[in-house]
Amino acid sequence: MARDTAVLVLGGGSTGCGIARDLAMRGLDVTLVERGNLTDGTTGRMHGLLHSGGRYAVSDQASATECIEENEILREIAGHCVEETGGLFVQRPEDSDDYFREKLEGCRECGIPARVLSGSEAREVEPYLADDVKRAIEVPDGAVDPFRLCVANAIDAENHGARVETHAEVIDLLRDGDDIYGVEVRHDSGPGKRTHATPGTTEEITADYVVNATGAWAGQIGAMADLEIEVRPSKGVMTIMNVRQVDTVINRCRPKGDADIVVPHETTAILGTTDEEVSDPDDYPEAGWEVDQMIDTLSELVPILSEARTIRSFWGVRPLYEPPGTGTQDPTDITRDFFLLDHADRDGVSGMSSIVGGKFTTYRAMAEEISDHVCEQLGVNATCATADEPLPGSENIETLEAGMDDFGLRSPVARRSKQRLGSRANEVLETEEPNPVICQCEGVTRAEIRDAISQSGSDLNAVRIRTRASMGNCQGGFCCQNMANELHPTHDEETACEALDELFQERWKGERHALWGEQLSQAMLNYALHATTMNRDRDPASASENVDFAAFDGGRTEGDRVDGPRGAR
Amino acid sequence: MAIEDDILVIGGGLAGATAALAAADRGAQVRLVSAKQSTLRHASGLIDVLGYAPAGDGPLADPFAALEDLPAGHPYERVGGEAVREALAFFDEIAGDAYEGGHTDANALVPTHGGTVKPTARYPVSTADGLASDDRDALLVGFETLPDFDAPLSAAHLEAAGAPFEARGVTVQFPGIVRDDAKITRYAHLLDRPETVQTDRGETTAREALAAVVDPHLEGESRVGFPAVLGDDHADAVRADLGDRLGVDVFEVPMGPPSLPGMRLEDLLYDALEERGVRVTTGVPVVDYETDADGANADEPARIDHVVVDRNGTEIPHRADQYVLATGGLVGKGVESERERVFEPIFDCHVPHAADRYDWFVDDVFGDQPYARFGLPVDRDLRPLDADDGLEFPNLRGAGAVLGGYDFAAEKSGAGVSLATGYVAGRRAAEEKR
């Protein structure tokens, strides 16, 4: 029977997009479906650390080795998504000397370049480190933009012929006896790019093979075909600071614990994290004390954090998995390895594999291994090229940076735009039209916003993850509106308003967890601008009752008016 | 030696300026100190009194009718409806020709830059021809380099709101703006001075060039709206000149920050302060205070004897008989917060709030937000109350956004509360000075 696609990938996170790109590059016909936006699940809710492997150098050396290998590959193929910040494992007086030594040895055993710095040398690198920091191990940790990287994978998959459908939720697995042959999806606004205010449809997509790459949600997909996938979702909180208190990744050098890392990320720094098992990846408590714990504990390493301004907090859910029977109680003890569950072998149900576990830094290696497995299942003979082929945006970075002019923009804006767009900068920014800045905090220009809209339709959250617009200090208070303006006239007024409301609400969601001090003032200002000046909270256009305009003041100067059009000429 | 006045007003926004003017009007010697630029530059320049009842009913055509039903503790309830009317009359006198709306009790509906209409009681004269309750067709003009106002989208939104006229929007290039990210004031100054600009027909004034760009787009509309960048010091002349050239009435659509109508209102107030002999010092935060140890009975709260003002690192005592606190709300930093508490930073006056900061907000961004009501509770004389409803200081009054118990953003009552409470606080302070 003819199928719609050779391989159907479920899940638009780093793993799913990585698989789609890999298989598409190997020449396979691929379709990817994602419930929300790309990165909506775990990928968009990570702290942005590109692991050197140092973190696992004591407890999990296989993972550590894999991390440093992938770290080096991603610097090559995804240079425009990576900032080579370097990282420090910092020892405080109360932290164990033995563990420090083990960490150093572990790094060396795993091929991770590591160097010991004295306390004062470490403070030379990072002046805000606490005075009593004893010493530190320097490793090649980095910062990575998970949004940009994931989107680049999806774009490249499309460039190689893949179909990528976001806002397409799997509502059923299609199963014929013991064979899974596709899914039924519900399109939020019909197939293709999302458009607000457009009614949805459902679609059956059939495939020769299905890859369940939904991570923490893999169990829910499995349940649609009565398969038990014992994924153990584990939540972690991250708190975003408004500036970079550090320019290097700062790790606490101790065995394990909550609140032990600060990652500089673009204009911000991200504090992380906790590790606590939850039962439902879509519904778990987000408690204020978790935010306080991040700030209080990490202030032991970087004291100014206690006084700093936080702009939002968010929680992510890890897709942890361990083979049945292991019985680990503490989620921090569960391995970060990934597992490929071939349901034919495991459950006697053919046509689908599930991918669980794993971590962002090694998404490409995971995708390679899974793609190998898929090719084997389909009898396709093709090799992986994702370790060598740069992602869109990362081709020719050096020549680009050397020779490009500044597009007539203020230089910090131009520099940041070029950084975000990488080698796509010329294509996007060279426009005859005026190109004003739309998002002042992050220096995002109209051309970038329009480029992102062309990729993602009316979904302003998708525009946000592509451009960083609305992710700075004001959390969209000053720019959401202007982003929505750019949707018009390609999209109509109703669509633009609905998209604006959705983005503004989404920005508020994370901001709620940072509501004190400067950010509470900012929240009040944002509220005032949108409610007072624009009356968006009680917009007559969205009210159920019509306004009786005639009952209101129509102006005093009836008699003074110009009589009729052009009367004064 | 301390600087001495009858009345010291702390805060230079609408509430502080009104309090100072009202007190000076009663013959008091008044000084106004403010820590920084007022938040007026964030404000639209519209004078809202009450657009929606606290329960959400509205838009209200008659704000005064609804004043009687406000809950206890609301600043309007504290001062009473008559005081609101008096304060508006006082404002009308100060504003003179610069503002309109005083001819009727009814609210006006004004289109703002998001395309929505909002109810307001007084509006700058520059906005007068833009009222949504006026049924003349309108052309809205936006500028390619000004992303805050999308004229075609705003026009479409006005239609969605049911406005009783046809609105069309066009986007044009602003003559003489060469940088894509020019500041709002650059637009205003080009028109204000007016500067000459290069066009394809040669050198001409910015006003003439702008009219020439807009003219071909007119399709019989008798009024044309621009984003609020039409001049600064000579806004009336700019508008009149453009109107003459186009043969239409020209109006401004209020914008977000930095807002020229807000800055013009600030200028108007500061000119009035100067006229009335109020001494004004800006850029000087009040950092401390001392109470009067002598005269206070044990069972009475202490009076404020003097405050300490920080002028470039030098601490200067300022003594007055009466004090007005008009330092603003969360935005103006008259109310501040930490992870564990919300407080008033100068006198540490009581600010009611939930102990758990997760009870300071609700999940719907436009829901009934507790944080929006943060501020000082006051008695009917606007004197701040402590947690037991006792007076914090007998000679301190609060005015404007520093007061609690109302959500100015939801109600569209910010300017009205500032005027009414500023007016009452200033008057009472003047009446009570020894």
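Starting from 1, residues in each chain are numbered consecutively following that chain's sequence as written. Each chain gets a letter, beginning with A, and each ligand a number, beginning with 1, in the order they are written. Residue-level local features of this predicted model are given only where pLDDT is at least 70; pairs of side-chain atoms are given and counted only at 80 or more, and the full residue set underlies all totals for whole chains, interfaces and linings. Calculation of side-chain values draws on the structure's entire complement of heavy atoms; hydrogens and water are dropped beforehand.

A short note on the side chain of A:Thr495
Residues and elements named next belong to chain A.
Step number 1: Helix and strand assignments follow DSSP, with helices taken as H or I runs no shorter than four residues and strands as E runs no shorter than two, numbered in order from the N terminus. Within the secondary structure, Thr-495 sits in helix α16 (residues 493–511).
Step number 2: A distance of 3.5 Å separates a polar atom in the side chain of Thr-495 from the backbone oxygen of His-196.
Step number 3: With residues near it in sequence (within four places) discarded, Thr-495 still touches Thr-195, His-196, Ala-197 and Ser-458. Pairs of N or O atoms are called polar contacts if they sit within 3.5 Å, as long as, within protein, a hydrogen donor faces a hydrogen acceptor (for residues adjacent in sequence, only side-chain-to-side-chain pairs). Residue contacts are defined here by distance: any two heavy atoms, one from each residue, within 4.5 Å place the two residues in contact.

Considerations on the nonpolar core
Residue and element names in this part refer to chain B.
Step number 1: Put simply, buried Ala, Val, Leu, Ile, Met, Phe, Trp, Tyr and Cys residues joined by side-chain atoms within 4.5 Å make one nonpolar core. Each residue gets one of three labels from its accessible area relative to the maximum for its type: buried under 20%, exposed over 50%, partly exposed in between, using a 1.4 Å probe on protein chains only. Within the largest apolar cluster, 150 residues are counted, with the highest numbers of intra-cluster contacts made by Phe-347 and Tyr-371.
Step number 2: Ignoring sequence-local partners within four residues, the contact set of Phe-347 consists of Ile-10, Tyr-289, Ile-304, Val-307, Leu-325, Phe-393 and Leu-396.
Step number 3: Core analysis: the second largest hydrophobic core is formed by 51 residues, Ala-138, Leu-139, Ala-163 and Phe-165 among them.

With respect to the UniProt feature "domain: FAD dependent oxidoreductase" (unreviewed entry) in chain A
Step number 1: UniProt positions are given in the numbering used here, feature names are shortened, and annotations may be inferred rather than shown by experiment. The feature "domain: FAD dependent oxidoreductase" (unreviewed entry), as annotated in UniProt, sits at residues 7–362 of chain A in this numbering.
Step number 2: Across residues 7–362 of chain A one finds 24% helix and 31% strand; the C-alpha atoms that close the span lie 22 Å apart.

Observations regarding the confidence of the model for chain B
Step number 1: pLDDT expresses how confident the predictor is about each individual residue, on a scale running from 0 to 100. Taken as a whole, chain B shows an average pLDDT of 95; of its residues, 99% reach a score of 70 or greater.
Step number 2: Across the whole predicted complex the pTM is 0.93, and at the interface the ipTM reaches 0.97.

Remarks on helix α14 (residues 460–467) of chain A
All names here are of chain A.
Step number 1: In terms of burial, α14 is largely enclosed, as 8 of its 8 residues are buried.
Step number 2: Considered for burial, the residues of α14 that qualify are Leu-460, Asn-461, Ala-462, Val-463, Arg-464, Ile-465, Arg-466 and Thr-467.
Step number 3: The distance from a side-chain oxygen at the start of α14 to the backbone nitrogen of Asn-461 is 3.0 Å, and the residue carrying that oxygen is Asp-459.
Step number 4: Looking one or two places after α14, you find Arg-468, whose phi comes out positive at around 75°.

Describing the interface of chain B and chain A
Step number 1: At the junction of the two partners, chain B supplies 82 residues and chain A supplies 71 residues.
Step number 2: Put simply, buried area is the surface a 1.4 Å probe can reach on two separate parts but cannot reach once they are joined, added for both. A combined buried area of about 6,800 Å² lies between chain B and chain A, and 59% of that area is made up of carbon and sulfur atoms.
Step number 3: Of all residues in chain B, B:Pro147, B:Arg339 and B:Phe366 bury the most surface against chain A, accounting for 11% of the area lost on that side.
Step number 4: The term salt bridge refers to a side-chain nitrogen of Lys or Arg lying within 4 Å of a carboxyl oxygen of Asp or Glu. Inspection of the chain B/chain A interface yields 6 salt bridges.

A look at the domain arrangement of chain A
It is common to give the size of an interface as the accessible area lost on bringing the parts into contact.
Residue and element names in this part refer to chain A.
Step number 1: Domain boundaries shown here were taken from an automatic or database domain assignment. Structurally, chain A comprises domain 1 (83–142 + 232–320) and domain 2 (411–541).
Step number 2: With 14 residues of domain 1 in contact, the opposing surface of domain 2 contributes 19 residues.
Step number 3: When the area that domain 1 buries against domain 2 is broken down by residue, the three leading residues are Arg-309, Ile-311 and Arg-312, summing to 46%.
Step number 4: Summed over the shared surface of domain 1 and domain 2, the number is 5 salt bridges.
Step number 5: Among the secondary structure elements, those contributing two or more residues to the side of domain 1 that touches domain 2 are α7 (288–298) and β18 (310–321).
Step number 6: Here the side of domain 1 that touches domain 2 gets 5 residues from one element, more than from any other, and that element is β18.

Observations regarding the environment of B:Ala95
Residue and element names in this part refer to chain B.
Step number 1: When you line up the elements, Ala-95 lands in helix α4 (residues 81–95).
Step number 2: Classification of Ala-95 as buried rests on a relative accessible area of 7%.
Step number 3: In sequence terms Ala-95 and Pro-124 are 29 residues apart; their C-alpha atoms lie 9.1 Å from each other.

Topic: the domain arrangement of chain B
Residue and element names in this part refer to chain B.
Step number 1: What the domain assignment lists for chain B is domain 1 (3–44 + 262–432) and domain 2 (108–255).
Step number 2: When each unit is reduced to the centre of its C-alpha atoms, the spacing between domain 1 and domain 2 is 36 Å.
Step number 3: When the two sides are added together, the surface that domain 1 and domain 2 hide from each other amounts to roughly 550 Å², 44% of it contributed by carbon and sulfur.
Step number 4: Looking at the side of domain 1 facing domain 2, the largest losses of area belong to Ser-44, Arg-264 and Lys-412, adding up to 82% of the total buried there.
Step number 5: Where domain 1 touches domain 2, the interface holds 1 salt bridge.
Step number 6: The salt bridge partner of Glu-252 is Arg-264, with a shortest N-O separation of 2.7 Å.
Step number 7: Considered class by class, the residues forming the side of domain 1 that touches domain 2 number no nonpolar, 1 polar and 3 charged. Three residue categories are used. Nonpolar comprises Ala, Val, Leu, Ile, Met, Phe, Trp, Tyr, Cys and Pro, charged comprises Asp, Glu, Lys and Arg, and polar comprises the others, including Gly.

A closer look at the side chain of A:Gln522
Step number 1: Here A:Gln522 is to be found in helix α17 (residues 517–533).
Step number 2: Leave out the neighbours within four places in its chain, and A:Gln522 touches A:Arg309, A:Asn473, A:Cys474, A:Phe478 and A:Glu511.

Side note on the UniProt feature "domain: BFD-like [2Fe-2S]-binding" (unreviewed entry) in chain A
Step number 1: Residues annotated in UniProt with the feature "domain: BFD-like [2Fe-2S]-binding" (unreviewed entry) correspond here to residues 437–487 of chain A.
Step number 2: Helix makes up 49% of residues 437–487 of chain A and strand makes up 10%, while its end C-alpha atoms are separated by 15 Å.

Side note on the packing of helix α7 (residues 206–214) of chain B against helix α8 (residues 235–246) of chain B
Residue and element names in this part refer to chain B.
Step number 1: Contact pair α7 / α8: the axes reach a minimum separation of 9 Å and the direction vectors enclose 45°. Taken as axis vectors, α7 and α8 run oblique relative to one another. When you trace α7 past α8, the crossing you get is right-handed. In this structure, α7 uses Arg-207, Glu-208, Leu-210, Ala-211 and Val-214 to contact α8, whose residues at the interface are Ala-237, Val-238, Asp-241, Leu-242, Arg-245 and Leu-246.
Step number 2: Partitioned by chemical class, the residues of the contact of α7 with α8 number 7 nonpolar, no polar and 4 charged. Axes, fitted as lines to C-alpha atoms, cover a helix only where it is in contact. Angles between the N-to-C directions of the axes lie from 0 to 180 degrees. Each angle gets one of four labels, with under 35 degrees taken as roughly parallel, over 145 as roughly antiparallel, 65 to 115 as roughly perpendicular, and the rest as oblique. A crossing counts as left-handed when the near helix is turned anticlockwise from the far one by less than a right angle, and as right-handed when that turn is clockwise.

Some details on the state of the cysteines
Residue and element names in this part refer to chain A.
Step number 1: Disulfides are defined as cysteine sulfur pairs within 2.5 Å. This model, assessed by the stated rule, comprises 0 disulfides over all chains.
Step number 2: Cys-439 takes part in no disulfide bond, and the closest cysteine sulfur to it belongs to Cys-479, at a distance of 4.1 Å.
Step number 3: For Cys-439, a relative accessible area of 1% gives the class buried.
Step number 4: Here Cys-479 falls in the buried class, since its relative accessible area comes to 2%.

Observations concerning the confidence of the model for chain A
Residues and elements named next belong to chain A.
Step number 1: Residues with a pLDDT of 70 or more make up 95% of chain A, whose mean pLDDT is 92.
Step number 2: Between residues 402–406, whose pLDDT stays under 50, and residues either more than four places distant or in other chains, the model counts 6 contacts.
Step number 3: Below a pLDDT of 50 lies the segment residues 561–569, which in the model reaches 20 contacts outside its immediate sequence neighbourhood of four places, other chains included.

Some points on the sheet that holds strand β8 (residues 142–144) of chain A
Strand pairing in a sheet relies on backbone hydrogen bonds, with the paired strands running either antiparallel or parallel.
Residue and element names in this part refer to chain A.
Step number 1: Spatially, the 3 strands line up as an open sheet ordered β3-β8-β4, and their pairing is antiparallel. Each edge of the open sheet is held by one strand with a lone partner, namely β3 (49–50) and β4 (82–83).
Step number 2: If DSSP finds at least two bridges between two strands, the strands pair. Note that β4 and β8 share 2 bridges and pair antiparallel. When the bridges of β8 are listed, Glu-83 appears paired with Ala-143.

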